[in-house]
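# Coordinate inspection notes
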Amino acid sequence: MAEPVDWRADGIPRSARFDDIYHTETGAPAQARHVFLGGCGLPGAWAGQPQWRILETGFGFGLNFLTTWQAWRADPQRPRLLHFVSIEAFPVSREDLLRAAAGHADLLGLAESLAAQWHGLLPGFHRLCLDEGRVLLTLCIGDVQAMLRAQRFEADSIFLDGFSPQRNPAMWSAETLKAVSRFARRGTRVATWTIARAVCDALAQNGFQVEKAPGLPPKRDCLQSVFEPTWQVRRRGPAPSPAALAGRCAVIGAGLAGGAVAASLARRGWEVEVLEAADRPAAGASGLPVGMLAPHISPDDALLSRLTRAGIRATWQQLEQLLAEGDDWRASGVLERRAAGDDRLPERWTADGPNESWHASPTQLAEAGLSPDAVALWHARGAWVRPSRLIEAWLALPGIRVRARCRAAHIERIDGSVARWGVRDADGALLAEADRIVIAGGIESHALAPEFPLQAVRGQVEWGCMPEDARLPATPLNGNGHLIAGVPAAEGKLWLAGATFDRDSSDVTPRASDTEFNRERLARLHPDAAAKLALAFAHGETHAWAGIRCASGDRRPLVGPLSPDSADGIWLCTALGSRGLSFAVLCAELLAAHWHREPLPLPAKLAQALDARRAWPEKETSQRLASAM
C-alpha cells in the first residue's frame, strides 16, 4: 500500500507517520534549487562531464529529482547521462506524486513521465529509465541503512533530505552519515537544509569540510560540505580505466543479449560494432516468432523471482520507448496456470499491490476460457513480444554498426596499437579491433569461453495462422507450456504454443515427436484451444520452429569479465536461458554499470548472483567476487 499523505488547507503535504511536513512552505522546487542544486554547485559543476551521479537520502514526492531533471534538460552543457539514486522507505501513491507537482507547471510534464513508471514498488531497487534513457532514476525502497549497504558507486553530488532529525532520527544518525560517506570521492559536495549539530559533527568526523550558508526563508541557514578527508581514502575495486569511459567496443552476437549490450553502450557514447555469424541479426534462439514476458513467482520471493521482476521492468521501458504496442508487442498481462495448492504468494503481498501479480479473478479466468475452479495467477506486468523487432530497434540506434556473416573464432591482445583487442575468424582474418570486447553469442559463446560450463538447451514451438472461426484466448497463458494467440502478421493473426526443453541438444531440425509433445501440453494447458487447433495439427497446417538456448550451470545469466587477465578488456553477457526477454536489458545495464562505476540497477547481492566470476575455474576462486565490487 502507498504511504498515506495528509494535505493541509494551504496545499502543504504532511506525514502522519512522522508528524512533519514534506517540504518548506516556500515550496519544494525553490528549496531544491537553493539548497540542493545550489549547495552542490549545480548545474555548473556537471558542465561537460560524460555522466553525473547524484545520491539522495529521501525521495518523498520526487520534487528534488524533478527539479534536477529540469535543470539538466535546460543546460546546453549537460552531461550525456544523469544518474539519480534515491532512497525511500515509504513511497507515496501515483496520485499524490502528481498532486504535489500540479502547482508547478514547469515540472508537471516531467512528473507525468515519472508517474507512468511509478508502479510495482516492492522493497528493493527499481530502475526507471527516462528521457530516452539519458536520465536514470534508481529508487531504493527500504530502510536507509540497508539500501546504502546494497548500492555501489561514487556520487558526484549528495542530497541529504528527509523529515527532521527530531522526527526521523535514523535518517540522520551517525551510522547513516558514515554509510553516506562511503559514496563520496574527493570533491563530492553534500547539501542539506538542516544545520543540526549532530549532523554537522557526523559529517566532519567522516571527512567532510562543513560550513553554513544562507538558507531559504523561513530558514536562516542551510548546510554545505565537501568531501576532503585528511586521510588516504581506500576503495574496493580498481578505478575505471580510460577505455571504460568511452571508446570502441566489439559485441559478438546480434541476438537479445548482443542487441541489448550494444544499445546500452551506444547510449553512453561508445562506438559499437556488432559481429553476427549468421546472415542477419536474431538468427538464433532470439529468432523465436513471438515470446512471452512474465515474472517468476515464489512464496519466499526467491532470487529468481526478484531478478525477473527487475528484468521485466527494464525490458518494459524499452518496449514502450522503441516498439509499436499492438503490433510488435502487447501489454496484455499473462495468466499462469498452477496446480492445486501451488498458488501461494509472499505473505505481505495483497490484492491492492504494490505487487503486480495476484490470484486470477473469476472474470479473468472466464475471459481466458478457463473453468471457474482453475488455479491461476494473474501477472499484470506480462506481455507478448516479437524479439526480432526489439533487436532491430536496438541495432538501429546511433553509434551501432552491424556486420553479418562474421564468425568470431579467436580474440587476442594487440600490443602497440590504440585498440587493445582484436577479433579474428577461423582463417585468421581480422574482423574487428576494439578497446573492449563483449561475448554475447548465446551457445556459440562457448567457442570463445570454453572454460565456462555453458549448456545447450533445445526448444521447439509450434505456430500457425488462427482459423477464422476459432476464438483463442486474447491473454497469453503459461504454466506447463504456454499459448500466445492473436499476434498480428502479414499472413493473418498468429498463435504459438510450446516449448520443449531438451538439455545438451543442438539440433534445430524440427521433430515430429516434439510437435506431438507440444500438442499434448496445449491440451492440458487449455483444452478448448487445443480442440480448436486440432484440425490444423491433423492437416499439417502448423509450423515448427526450434532454437538453442544457452544456460549456465546454475541457470542464471553470466555478466562479467572472461578471466582475471582480461577484466579490463573481454567480458561476457550470455547464458540468458529461456528468459532472454526478461534478462537482456537488465544484464546489459549491469555490464555498463560495472564498466563506468555507475549506480547498480540491482542490490549488490543480486548483482553478484549474475556475476560471471562465480563460474571462473576453481583455481581462480580467490580472485572471484571479492574483487568484483
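Described below are features of the structure shown in this document. (Residues numbered from 1 in each chain as written. Predicted model: local features only at pLDDT ≥ 70, side-chain atom pairs only at ≥ 80, totals over all residues. Heavy atoms only, no water.)

Turning our attention to helix H2 (residues 63–74). The terminal C-alpha atoms of H2, which comprises 12 residues, lie 16 Å apart, in line with the 16 Å expected from a rise of 1.5 Å per residue. For H2, a buried count of 10 out of 12 residues is recorded, marking the element as mostly surrounded by other parts of the structure. Burial in H2 covers these residues: Leu63, Asn64, Phe65, Leu66, Thr67, Thr68, Trp69, Gln70, Ala71 and Trp72. (Helix = DSSP H or I, 4+ residues; strand = E, 2+ residues; numbered from the N terminus. Expected span 1.5 Å × (residues − 1). Buried < 20%, exposed > 50% of the residue type's maximum accessible area, 1.4 Å probe, protein only.)

So, about the pattern of salt bridges. Opposite charge on two side chains allows them to pair when their charged atoms are near. According to the stated counting rule, one finds 33 salt bridges in the structure shown. Across the pair glutamate 336 and arginine 338 runs a salt bridge, and its minimum N-O distance is 2.8 Å. Accessibility expressed as a relative area gives 12% for glutamate 336, which makes it buried. When its relative accessible area of 15% is taken as the criterion, arginine 338 is described as buried. The salt bridge involving arginine 511 is made with aspartate 514; its shortest N-O contact spans 4.0 Å. One network of salt bridges, with partners in common, ties together Arg127, Arg267, Arg268, Glu589 and Glu598. (Salt bridge = Lys/Arg side-chain N within 4 Å of Asp/Glu carboxyl O.)

With an omega of 10°, the peptide bond running from leucine 42 to proline 43 counts as cis. With respect to the helices and strands, proline 43 occurs in the loop between helix H1 (28–39) and strand E4 (51–56). Cis geometry is found at the peptide bond from glycine 353 to proline 354, where omega equals 15°. Checked against the element boundaries, proline 354 lands in the loop between strand E16 (334–337) and strand E17 (357–359). Backbone geometry at aspartate 301 places phi at a positive 50°, although glycine is not the residue there. Topologically, aspartate 301 is positioned in the loop between strand E14 (291–293) and helix H9 (303–322). Aspartate 301 gets classed as buried once you look at its relative accessible area, which sits at 18%. The backbone of alanine 575 sits at a positive phi, close to 65°, despite the residue not being glycine.

Spatial relationships are all this shows, so hold off on functional conclusions.
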